[in-house]
Each structure stands twice: as structure tokens, then as C-alpha cells.
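Listed here are the chains, written in short residue letters.
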Amino acid sequence: MGEDIELALESADGTIDCRLEPTMNEDTNELYYSATILYPDMVSGFFRSEIYCYDLIRKGSMYVFNEPVEDKIKALEVKLGDAIRQAR
């Protein structure tokens, strides 16, 4: 199994910090990645991060979220999938 992947992505809202942790599905013996995403958010004049946790599963040659996600998180799907493919 691979190592954790940490990356920072720039967006109009600020820097998005992401951590991708490889995990083996014991039932199917397939590798997927648990994504922890810290999305910047302005609250009362202060930046605070919204925390999102989703799994990215392999579908063909792509990695996609395993459940419906907000549009701003869905927009990260390709970049996160690219980071996984580059690390492998």
C-alpha cells in the first residue's frame, strides 16, 4: 500500500489542504483513498476551515467520490485523482 498524500490546492476561496490516505477494502481487496479536505471559510471576519471527509474509489482509470458531494468539493475530484495517479 502507498503512503499518505498531502497537497494544497489554490481556489478563489483560498488554500484548500487535502490529505489522501490509502486504505484496502478487505471485502473486495481493492485500494481506495480516504480524503480529508480542509476547505477555507470566512466566519465573522476570520478564516476557519470546513472539514470534509469522503472516500475516493477507482472507476476505470479515474478516482471519484463514492457519494454525492457539494459542488465546490466535486470540483476537486479531478485534481485529487491526478495526485493519486502521480503518486502510484
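Conventions and cut-offs
- Residues numbered from 1 in each chain as written.
- Predicted model: local features only at pLDDT ≥ 70, side-chain atom pairs only at ≥ 80, totals over all residues.
- Heavy atoms only, no water.
- Helix = DSSP H or I, 4+ residues; strand = E, 2+ residues; numbered from the N terminus.
- Buried < 20%, exposed > 50% of the residue type's maximum accessible area, 1.4 Å probe, protein only.
- Contact = heavy atoms within 4.5 Å.
- Pairing = 2+ DSSP bridges.
- Phe/Tyr/Trp six-rings, centres within 6.5 Å; stacked < 30°, edge-to-face > 60°.
- Salt bridge = Lys/Arg side-chain N within 4 Å of Asp/Glu carboxyl O.

1. Comments concerning the side chain of E77
Looking at the element boundaries, E77 is found in helix α2 (residues 77–87). Judged by relative accessible area, E77 falls into the buried class, the value being 10%. Excluding residues within four positions of it along the chain, E77 makes contact with L56, Y63, V64 and F65.

2. So, the pairing of strand β2 (residues 14–25)
In this structure, strand β1 (residues 5–11) lies alongside β2, joined through seven bridges in antiparallel fashion. Directly across from L9, in β2, lies its bridge partner I16. Counted between consecutive antiparallel strands, the loop separating β1 from β2 contains two residues. Strand direction decides the pairing type here: β2 and strand β3 (residues 30–43), joined by nine bridges, are antiparallel. Each residue of the ladder has a partner; that of M24, found in β3, is L31. What sits between the antiparallel neighbours β2 and β3 is a turn of four residues, in which N29 has the positive phi angle 60 degrees.

3. Focus: the packing of aromatic side chains
In the structure shown here, the tally under the stated rule is three aromatic pairs. Arranged with centres 6.4 Å apart and planes meeting at 15 degrees, the rings of Y52 and Y54 form a pair that is stacked. When its relative accessible area of 9% is taken as the criterion, Y52 is described as buried. On the basis of an interplanar angle of 70 degrees and a centroid distance of 5.7 Å, the ring pair of Y54 and F65 is categorised as edge-to-face. Of this pair, Y54 sits in strand β4 (residues 46–59) while F65 sits in strand β5 (residues 62–65), placing them eleven residues apart in sequence.

4. Section: the pattern of salt bridges
Oppositely charged side chains are able to pair whenever their charged atoms sit close together. The final tally for this structure, using the stated rule, is six salt bridges. Its salt-bridge partner being D4, residue R19 comes within 2.3 Å of it at the nearest N-O pair. On the criterion of sequence distance, the pair formed by R19 in strand β2 and D4 in the segment before β1 is long-range, its members being 15 residues apart. When its relative accessible area of 30% is taken as the criterion, R19 is described as partly exposed. Residue D82 is joined to R85 by a salt bridge in which the shortest nitrogen-to-oxygen separation is 2.3 Å.

In short, shape yes, function no, at least from these values alone.
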